[in-house]
Amino acid sequence: ENAVPISSFLRDDSPEGLRIREELAGPLLRAFFKMIFWDNFVHGDLHPGNVLVQTTVVQGEESFYDKFLSLWTPTTKDAKNRTTKHTIVFLDAGIATSLSPSDLVNLRDLFRAVILNRGDEAGRLMVERAKHERC
């Protein structure tokens, strides 16, 4: 419908653009991590052209359900009590796979090391757990 590629938000360095990017970051990461670690669904062609942001404006008060959904869908209220919602849309899942239980553990451990800024641990994990390379 009125969805635009997320890359259009990445190019906007205005204060409003930076605010929207900050708003989109959490839900985008939660969706990505849920897709991989909860659903065990790996999108094989996930690039900015395959991630859209759909924007809707709603007048009035939010319901409890809408407030709950805002954990995954970033929202902002303006002075006229309008709520702007941004919904993340993933496209083109034609190249997709799932991970074996051991690969899922390996990826989880690697992500944890990277997120915690443990570069030496991340490197060690990649070398120790590589299936086809022997270093």
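To be clear, the structure that these remarks concern was listed above.
Calculation rules
Residues numbered from 1 in each chain as written. Predicted model: local features only at pLDDT ≥ 70, side-chain atom pairs only at ≥ 80, totals over all residues. Heavy atoms only, no water. Helix = DSSP H or I, 4+ residues; strand = E, 2+ residues; numbered from the N terminus. Buried < 20%, exposed > 50% of the residue type's maximum accessible area, 1.4 Å probe, protein only. Contact = heavy atoms within 4.5 Å. Polar contact = N/O pair within 3.5 Å; in protein donor to acceptor, adjacent residues only side chain to side chain. Expected span 1.5 Å × (residues − 1). Bend = angle between axes of the 7 residues up to and from the residue. Core = buried A, V, L, I, M, F, W, Y, C linked by side-chain atoms within 4.5 Å.

Moving on, we come to the overall build of the protein chain. Scanning the protein chain from terminus to terminus reveals 5 helices and 6 strands. Helices (α) and strands (β) of the protein chain occur, in sequence order from the N terminus, as β-α-α-β-β-α-β-β-β-α-α. Classification of the 135 residues of the protein chain by burial places 20% in the buried group. Counted over contacts in the protein chain with a minimum sequence separation of 6, partners at least 24 positions apart contribute 66%.

Here we come to the side chain of glutamate 23. Relative to the helices and strands, glutamate 23 is located in helix H2 (residues 15-38). At 2.3 Å, the side chain of glutamate 23 forms a polar contact with the side chain of arginine 19.

Moving on: the environment of phenylalanine 9. Counting through the fold element by element, phenylalanine 9 comes out in helix H1 (residues 7-10). Taking the C-alpha atoms as reference points, phenylalanine 9 and arginine 21, 12 residues apart in sequence, are found 6.5 Å from one another. Sequence-distant contacts of phenylalanine 9, that is, excluding residues within four places in its chain, are made with Val4, Ile20, Arg21, Leu24 and Val53.

Our focus in this paragraph is unusual backbone geometry. Phi is positive for asparagine 40, which is not a glycine, with a value near 50 degrees. For asparagine 40, the position within the fold is in the loop between H2 and strand E2 (42-43). One non-glycine residue, asparagine 117, lies in the positive phi region at around 60 degrees. Checked against the element boundaries, asparagine 117 lands in the loop between helix H4 (101-115) and helix H5 (119-128).

What follows is about H2. Across its 24 residues, H2 extends 34 Å between first and last C-alpha, which sits within 8% of the 34 Å expected from 1.5 Å per residue. Where H2 bends most, the angle comes to about 30 degrees, and this point is alanine 25, followed within four residues by the proline proline 27. Buried residues of H2: Gly17, Ile20, Glu23, Leu24, Pro27, Met35 and Ile36, and no others. One or two steps after H2, the chain reaches asparagine 40, where phi turns positive at roughly 50 degrees.

Another point: H4. Taking 1.5 Å of rise per residue, 15 residues should cover 21 Å, and H4 covers 21 Å from first to last C-alpha, within 8% of that figure. Where H4 terminates, the next one or two residues include asparagine 117, which has phi positive at roughly 60 degrees.

For the rest of this paragraph, the subject is the nonpolar core. Counting 7 residues, the largest nonpolar core consists of Ile6, Phe9, Ile20, Leu24, Val51, Val53 and Ile88. Of all the elements in the fold, those that place two or more residues in this core are H2 and strand E3 (51-59). Discounting residues that sit within four places of it in the chain, valine 53 has contacts with Asn2, Ala3, Val4, Ile6, Phe9, Leu24, His86, Thr87 and Ile88.

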